[in-house]
Amino acid sequence: MDQDICFFYSQDRQRRIALFRREVGSFGFVEQYYFDNEAAGIEGWASCPSESSFYADLETAKKEAVQGIRWAASEDGFVAAGNEV
């Protein structure tokens, strides 16, 4: 099972990049968006469709994630990095 390492949040905190480590030791990232379905009484984070990412180390995964996702690479960038899941 993948282990979440940290997150980078968009300025409005409606999107984030989740960095994770796989059991085999490689690293990856996925872009996620926040949803709130009041009618169903559920909220949380869902992954955006993307290609798989495989990196040998965390630093490379971080660099590629920030450069590869439009809002993170923009002038506004991200507001914070956090470890909360």
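Residues numbered from 1 in each chain as written. Predicted model: local features only at pLDDT ≥ 70, side-chain atom pairs only at ≥ 80, totals over all residues. Heavy atoms only, no water.

Caption draft 1: Quick peek at the packing of aromatic side chains. Applying the stated criterion across every chain yields a total of four aromatic pairs. A connected cluster of aromatic rings, assembled from ring pairs, spans Phe-7, Tyr-9, Tyr-34 and Trp-45. In this arrangement the basic side chain of Arg-13 is found over the ring face of Tyr-9, its NZ or CZ atom lying 4.5 Å from the centre. In this structure, Arg-22 is placed above the aromatic ring of Phe-54, and the distance from its NZ or CZ to the ring centre is 3.8 Å. (Phe/Tyr/Trp six-rings, centres within 6.5 Å; stacked < 30°, edge-to-face > 60°. Lys NZ or Arg CZ within 6 Å of the ring centre and 35° of its normal.)

Caption draft 2: Just the pattern of salt bridges, in detail. All chains considered together, the criterion is met by two salt bridges. Residue Glu-31 pairs with Arg-15 through a salt bridge whose shortest N-O separation is 3.2 Å. A residue pair is termed long-range when its members are at least 10 positions apart, and Glu-31 in strand E3 (residues 27–37) and Arg-15 in strand E2 (residues 15–21) qualify at 16 residues. A relative accessible area of 33% places Arg-15 in the partly exposed class. (Salt bridge = Lys/Arg side-chain N within 4 Å of Asp/Glu carboxyl O. Helix = DSSP H or I, 4+ residues; strand = E, 2+ residues; numbered from the N terminus. Buried < 20%, exposed > 50% of the residue type's maximum accessible area, 1.4 Å probe, protein only.)

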